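Structure assessment
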Protein chains: 2
Amino acid sequence: MNIREILAANLKRYRRERGVSQEELAHLAEIDRTYISSLERCQYAASIEVVDRLAKALGVEAYDLLRLV
Amino acid sequence: MNIREILAANLKRYRRERGVSQEELAHLAEIDRTYISSLERCQYAASIEVVDRLAKALGVEAYDLLRLV
DNA sequence: GTGTGACTTGGAGTCCGTG
DNA sequence: CCACGGACTCCAAGTCACA
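Cut-offs used in this document
Residues numbered from 1 in each chain as written. Chains lettered and ligands numbered in written order. Predicted model: local features only at pLDDT ≥ 70, side-chain atom pairs only at ≥ 80, totals over all residues. Heavy atoms only, no water. Near = heavy atom within 4 Å. Polar contact = N/O pair within 3.5 Å; in protein donor to acceptor, adjacent residues only side chain to side chain. Nonpolar A, V, L, I, M, F, W, Y, C, P; charged D, E, K, R; others polar. Salt bridge = Lys/Arg side-chain N within 4 Å of Asp/Glu carboxyl O. Helix = DSSP H or I, 4+ residues; strand = E, 2+ residues; numbered from the N terminus. Buried < 20%, exposed > 50% of the residue type's maximum accessible area, 1.4 Å probe, protein only. Core = buried A, V, L, I, M, F, W, Y, C linked by side-chain atoms within 4.5 Å. Contact = heavy atoms within 4.5 Å. Least-squares fit on C-alpha atoms with pLDDT ≥ 70 in both. UniProt positions renumbered as here; feature names shortened; annotations may be inferred. Buried area = accessible area lost by both parts, 1.4 Å probe.

Before going further, it helps to examine the protein's contact with DNA strand C. If you check the shell around DNA strand C, you find 19 residues, and the closest are Tyr35, Tyr44 and Ser47 of chain A together with Gln22 and Ser37 of chain B. Across the atoms of DNA strand C situated within 4 Å of the protein, the share located in sugar and phosphate is 61%. Measuring from a phosphate oxygen of DNA strand C, one finds a side-chain N or O atom of Arg15 of chain B at 3.0 Å. At a separation of 2.9 Å, a base oxygen of DNA strand C approaches a polar side-chain atom of Arg33 of chain B. Per-class residue counts for the surface near DNA strand C are six nonpolar, six polar and seven charged.

Inspection of every chain in the model, using the stated rule, returns twelve salt bridges over all chains. A salt bridge links Arg4 of chain A to Glu49 of chain B, with the nearest nitrogen and oxygen atoms 2.6 Å apart. Separated into two different chains, Arg4 of chain A in helix 1 (residues 3-17) and Glu49 of chain B in helix 4 (residues 48-58) make up a pair that spans both. Assessed through its relative accessible area of 23%, Arg4 of chain A is described here as partly exposed. Take Glu49 of chain B: its relative accessible area is 31%, and that puts it in the partly exposed class. Here Glu17 of chain B makes a salt bridge to Arg18 of chain B, at a shortest N to O gap of 3.5 Å.

What follows is about the nonpolar core. By size, the foremost hydrophobic cluster in this structure holds 46 residues, and its most contacted members are Leu7, Leu54 and Leu65 of chain A together with Leu7, Leu54 and Leu65 of chain B. At the level of secondary structure, the elements contributing two or more residues to this core comprise helix 1, helix 2 (22-29), helix 3 (33-40) and helix 4 (48-58) of chain A together with helix 1 (3-17), helix 2 (22-29), helix 3 (33-40) and helix 4 of chain B. When near neighbours in sequence (up to four residues on either side) are disregarded, Leu54 of chain B contacts Leu11, Leu25, Ala29, Ile31, Ile36, Leu39 and Leu65 of chain B.

Before going further, it helps to examine the relation of the copies chain A and chain B. Of the transformation placing chain A onto chain B, the axial shift is 0.1 Å and the rotation is 179°, giving an RMSD of 0.2 Å. As the rotation angle and translation indicate, the two copies are arranged about a two-fold axis. Here 100% of the interface residues in chain A have copies in chain B that are interface residues too; the copies meet face to matching face.

It is worth spelling out the UniProt feature "domain: HTH cro/C1-type" (unreviewed entry) in chain A at this point. UniProt records the feature "domain: HTH cro/C1-type" (unreviewed entry) at residues 11-65 of chain A, using the numbering of this structure. From the first C-alpha to the last, residues 11-65 of chain A spans 7 Å; its make-up is 62% helix and 0% strand.

Another aspect to go through is the interface of chain A and chain B. In this assembly, 14 residues from chain A lie in contact with 14 residues from chain B. Both sides together, the interface formed by chain A and chain B hides about 1400 Å², and carbon and sulfur atoms give 75% of it. It is Ile3, Ile48 and Tyr63 of chain A that lose the most area in chain A upon contact with chain B, and together they represent 46% of the buried surface on that side. Taken together, the links from chain A to chain B amount to four residue pairs in polar contact (both at pLDDT 80 or more). Here the residues of the side of chain A that touches chain B are counted per class, giving nine nonpolar, one polar and four charged.

Set out below in structure tokens:
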């Protein structure tokens, strides 16, 4: 499992746990909706700033999104 | 302290703990020395793949480089 | 051993849409 | 609500010479 896949898995998991859609998360994190979809499909290696914004929107720390649980 | 600063601090700390120069780390992680220098000076928001390669070279997990200790 | 400016380019990230 | 596409913009990624 590479780093993109870890991010993708954590993104999906935390997002669904909170019951928010990709669109709602996109709004909260001020990131494009289609880009979040891409990240959940391991299409890109996000920057740490994007990871940080997504983490804040999900109420976790940035490193939580890169850690296997 | 933003995410770039956290990465920079952890990079410096782990690197010095292991007693390796930017040049040696650059060789280990197969990343240009001046780019590592840039990251330690918060010049860029690195991608998670770069963070992952640096982490492996330092013998830690990627999320360790984004976590305040 | 490290900082820095200048440079190129591939990919991160956005915006429009569709099924 | 999401996957996926094309067409864009702009910065991370990578290299070099020099201080």
